[in-house]
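Structural overview
Spelled out from the first residue to the last, the chains are:
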Amino acid sequence: MANQILQQSGEQTEEERLSPEELLLFRLRKLYRQYGYRPYRMSKFEKYELYAGNKDFLVSDRIITFNDTNGELLALKPDVTLSIVKSAQFHVNRVERLYYQENVYRPSGSAHQFREIMQCGLECIGDLDCYGLFEVLFLADESLRAVSEESVLSFSHLGILKSLFHVLDAGDTQQEQLLSLIAARNLHELSALFAARGWEDRLFQDVKALLAVSCTLSHLPGNLEALGLSWLGEGILQELKILAKLSSRTDDRARFDFSVINDIHYYNGLVFQGFVRGISEKFLSGGRYDSLLERMDRKGAAVGFAVYLGLLEQLRQPEETFEADVLLLYDEKTDPEALLDAEKALHAEGKSVSAQRSMAGRYAQVLDLREEACNA
Amino acid sequence: MLNIALPKGRLGEQVYGMLKEAGYPCPALEQPDRRLIFENEKAGVRYFWVKPHDVTIYVERGAADVGIAGKDILLEYSPELFELLDLKAGNCRMCVAGPADFRDNRSRMLRVATKFPRIAGDFYAEKSRDVELIKLNGSIELAPILGLSDVIVDIVETGRTLFENGLTVLEEVCPISARLVANPAAYRFRREEIDTLTMRLGEVIKASGEREN
């Protein structure tokens, strides 16, 4: 099942044969257009200052830079969202729905080397309401399903964390510690931190209980109420109740996971990450990022996500690969016209052909047109 | 089948003993041979022996669902993993060590030899101490003896190696022990299995603690 997208790309005819990445892009474009999202194209380069001021928002703070002919410092774009936000316009009672497919450039993998990464995603920016918010969450889940049914969309609400910080009166350093321990589901060190800071044990028990919750969106408000979190902001529960109602009218697949955390300096509210069986890291990431808009002096609210298409590579199985269907072996004594005729005949059978004077390489079939072989 | 990366060596053997007690035995692994992969279909586990430094790489890249890694490795490389349990095994300390008569002269840069430049760097950054980090791969104790560094930051278990080389612990950086780590993507698909393993291991640790008391 996990290789659904790979199998389907292989089932098509030669003319229609698309790579898994192309097939997924084709599906996602269709899906996003259905919901009124318009394509957004951008230049490969941006002024470096756009990223320099918002490095925390980026997956990596390492950026490829160069000087333009006029001396201006430019960057090969490591991210798409910042460019979109920069040009977003605010209108009352209206949101801009945009999707993109772009290559971005940033370090990746355990060696942290720069790579060109194919990414697509969407952004919904403007006078955002709960309906728009839910629509993006729904589209994130549908984007995962376009790859495989064996996928999981995990979500959380950063408002819960912010309420926790408030009741703990946690300073910046403590907030960072809490965030990294909750994101790592590290209960043993969380317990030690609560004890060291003299924070109430009942609040640690609340965090522990939140990390144990694994339910769908439609069941979340009920589960949160059952936990009796006295410190939880009322607005959060109200928002989750509206989203839960909408979710109950769909497949309701997204699952609450308190360890899902994005940078709290940029994100607020709903955040989510998508996983596909067989891919060892998150395949999709997104959330609501009003705080980024605020930092960039933009009005309104925004939510969006990115799909990391390059990770589809991890689903590929080692396969028998041939350089061509048929190796046409010839030598200097072979009649070139006979060679051409043989090649044309094989093409007519729908086979790919490589004419060579030696046996190097892997081929499904070898046709020997050398004089010795013909005389034998 | 849950794939578990175990660190080769004494710690791995100790943790396997805990996993066995928790209900995840693998008789094939107990046979003296040179194989690296062992499976017990009935218990639903497949064990790999890997170098201790490589455990987090196997888990982060999804080759193993869970693994046993030292806190030193987790602090040094910050892999994106879930840290589910402190196994309270392989207990030791990350320490600053040097000659017993060492006095820090804050008017000059401190030379620190270590296998753990990130841990050492973070430790001194917290103290706003200007240091020159010298990355070594082994025999760290030699560095202050030969004048290569003023102090070292290294793992100390009993302190015997330090003592035999005329060095002593000057400061503790942090305690170190083995941790159960999980790949976050694998956790999303195998949460029940991984939570059960974590819970059972937690019970084994608790029972062992009670026996010792």
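Residues numbered from 1 in each chain as written. Chains lettered and ligands numbered in written order. Predicted model: local features only at pLDDT ≥ 70, side-chain atom pairs only at ≥ 80, totals over all residues. Heavy atoms only, no water.

Quick notes on the overall build of chain B
The criterion, for reference: Put simply, DSSP marks the helices as runs of H or I at least four residues long and the strands as runs of E at least two long, and each gets a number from the N terminus on. Three labels apply to residues, based on accessible area from a 1.4 Å probe with only protein chains included: buried if under 20% of the type maximum, exposed if over 50%, partly exposed otherwise in between. For this analysis, residues touch if any pair of their heavy atoms sits within 4.5 Å. The method behind every accessible area is Shrake-Rupley, applied with a 1.4 Å probe, and residues are considered shielded solely by the protein chains displayed. By the counting scheme adopted, Arg and Lys are positive, Glu and Asp are negative, and His together with the chain ends is not counted. To locate a charge, take NZ of a lysine, CZ of an arginine, CG of an aspartate or CD of a glutamate.
Summing up its helical and strand segments, chain B has eight helices and 11 strands in all. Across its three principal directions, the C-alpha atoms of chain B cover 65 × 35 × 35 Å. Burial status across chain B gives 49% buried among its 213 residues. For chain B, contacts bridging at least 24 residues in sequence account for 67% of all contacts bridging at least 6. On chain B, roughly 11,000 Å² of surface is accessible, and the fraction owed to carbon and sulfur atoms is 49%. Looking at chain B, you have 29 positive and 33 negative side-chain charges, and the mean spots of the two groups are 1 Å apart.

Thoughts on the sheet that holds strand β12 (residues 324-329) of chain A
In sheet architecture, strand pairing relies on hydrogen bonds along the backbone and comes in two forms, parallel and antiparallel. Residue and element names in this part refer to chain A. Defined as follows: Strand pairing is assigned whenever DSSP detects at least two bridges linking the two strands. All axes are obtained by fitting lines to C-alpha atoms, using only the stretch in contact for helices, and the reported angles, taken between N-to-C directions, cover 0 to 180 degrees.
Reading across the sheet, the three strands line up as β13-β12-β14 and stay open at both edges, with parallel pairing between neighbours. Two strands lie at the open edges of the sheet, namely β13 (353-356) and β14 (363-368), each paired on one side alone. Across this sheet, the average inter-strand angle for adjacent strands is 25°, counted without regard to direction. Pairing between β12 and β14: five bridges, direction parallel.

Overview of the pairing of strand β2 (residues 37-40) of chain B
Residue and element names in this part refer to chain B. Judged by which residues are buried, β2 turns out to be one-sided: Phe-38 and Asn-40 face inward and are buried, whereas Ile-37 and Glu-39, on the alternate face, are not. With four bridges connecting them, β2 and strand β3 (residues 45-50) associate as antiparallel partners. Bridge pairing in β3 links Ile-37 to Phe-48. If you look at the hairpin formed by β2 and β3, you'll find four residues sitting between the two strands, and Gly-44 has a positive phi there, around 75°.

Everything listed here is a matter of geometry and, on its own, says nothing about what the molecule does.
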